[in-house]
Amino acid sequence: MSIAAERDHDVLRVLGERVAAGSTPGQRADGLRVALAIEGGGNRGVISGGMAAALDEAGLLPAFDAVYGSSSGTLTAAWLLSAHVQTGLQAWTEPEKYARMSRPWNPLTRRPLFDLQWLIEEFYDRTLGLDADHILANPISLHPLATDAATGESVDLGPLVRDRASLHLAMRASAALPILAGKPVRLGGRNFLDAGLAESIPLDTPIAAGATHVLVLTSRRRGETTSDSPAVRWVTDRWLRRAAPGARAAFADRNARGLVIAERLAHYNTAAGATPSVMAVHPAPDSPDVGRSESDAAVMRAGARAGGDAMRRALAGMLEQR
């Protein structure tokens, strides 16, 4: 997508008009529904986290009606709606502070290899002070996505988030990687796994909910897609067969589905007048490689900067006109 096309994109036009008009959530006059969609990808999600922080710095958050997150993108979404996204981003770039989450000996103490309960309830809530009350009261609605373990379908957990406990469970469910995060997370009488099995980039769900405009913050460079190795596919399928057989098909199809989503995002980015209007922001081609389980603080900081830079480039034309 060219710089000129970015500056003329209808999503940016609507955001700019809402900010200029002082429009606020719940009191709109334009009849539109504008959603922010945040991709995760484990610690690679620090890139889309950097984008979210830059968006917040630009003062554009009030222009959105809803925020959708997949996997670790849900963690960013929660921090964004807590009004302290910089706290969450800063913590993300200091992996030594949350190393306890993924200690190799966790299973010896009957904790999963990726202990999301500790990360969210201890580190985020008790140590960093994630403001659940502010998130719950925010007029911009939070929509954590997860995969239904019984059906393999992508599910919006937003309607199930009613208090601090259910918020924490929804955050865990959205990022509950098969095997690594332990058993599926139970919420609202159903079991859920990582959103990435069914909808790694929140797109179909916000559109189905009536979004007329969607800004997508991606953690992957343009054209990059999911590509699980044969070994990962075999091991994960064996685990799903026992723990969540209904999600096996979703996992088996996710590589192919990722290719389709990448093509759709490329089309939306260049299709003038498309309905709905969707704009995807990608890190630059020379952005750093950040692994799903990245533990190098320097790489994490570089990823956050790359995300912030990509967001600022996308917003440059709008900000110049303000």
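Refer to the structure printed above.
Note that the structure is predicted; figures quoted are calculated from it, not measured.

> Tell me about a nonpolar patch on the surface, and name the residues and values.
On the surface, a nonpolar cluster with roughly 300 Å² of combined accessible area is contributed by Ile179, Trp234 and Val235. Structurally, valine 235 is set in helix α10 (residues 230-243). For valine 235, a relative accessible area of 41% puts it in the partly exposed group.

> Account for helix α8 (residues 164-174), with residues named and values stated.
One turn of an α-helix holds 3.6 residues; hence residues three or four places apart share an orientation. The buried fraction of α8 amounts to eight of the 11 residues, a majority that puts the element mostly inside the structure. Among the residues of α8, Ser166, Leu167, His168, Ala170, Met171, Arg172, Ala173 and Ser174 are the ones counted as buried.

> Run through helix α5 (residues 85-92), naming residues and quoting values.
All of the buried residues in α5 are Val85, Gly88, Leu89, Ala91 and Trp92. Seen end-on, α5 carries its buried residues on one side only, within an arc spanning 160 degrees.

> Got a sec to walk through the environment of threonine 147? Specific residues and values, please.
In this fold, threonine 147 is placed in strand β3 (residues 141-148). With 29 residues separating them along the chain, threonine 147 and alanine 176 place their C-alpha atoms 9.3 Å apart. Of note is the side chain of threonine 147, whose polar atom sits 2.8 Å from the backbone oxygen of aspartate 194.

Cut-offs used in this document
- Positions within a chain are numbered from 1, following the residues in the order the chain's sequence is written.
- Given that the model is predicted, a residue must reach a pLDDT of at least 70 before its local features are reported, and side-chain atom pairs must reach 80 or more before they are shown or counted; all residues, however, enter totals for whole chains, interfaces and linings.
- Just so you know, side-chain values use all the structure's heavy atoms and leave hydrogens and water out.
- Patches in this entry comprise residues that are over 30% relatively accessible and not in a salt bridge; like charges within 9 Å are linked, as are nonpolar side chains (Val, Leu, Ile, Met, Phe, Trp, Tyr) within 5 Å.
- Accessible surface area values rest on a Shrake-Rupley calculation with a 1.4 Å probe, where residue burial reflects the displayed protein chains alone.
- Salt bridge criterion: a side-chain nitrogen from Lys or Arg within 4 Å of a carboxyl oxygen from Asp or Glu.
- Counting from the N terminus, the helices are DSSP H or I runs at least four residues long and the strands are E runs at least two residues long.
- The classification of residues rests on relative accessible area computed with a 1.4 Å probe and restricted to protein chains. Under 20% of the type maximum is buried, over 50% is exposed, and intermediate values are partly exposed.
- To obtain the arc, one takes the directions from the helix axis to the C-beta atoms.
- N or O atoms closer than or at 3.5 Å make up a polar contact, with two conditions inside protein: a donor-capable atom paired with an acceptor-capable one, and, for residues adjacent in sequence, both atoms drawn from side chains.

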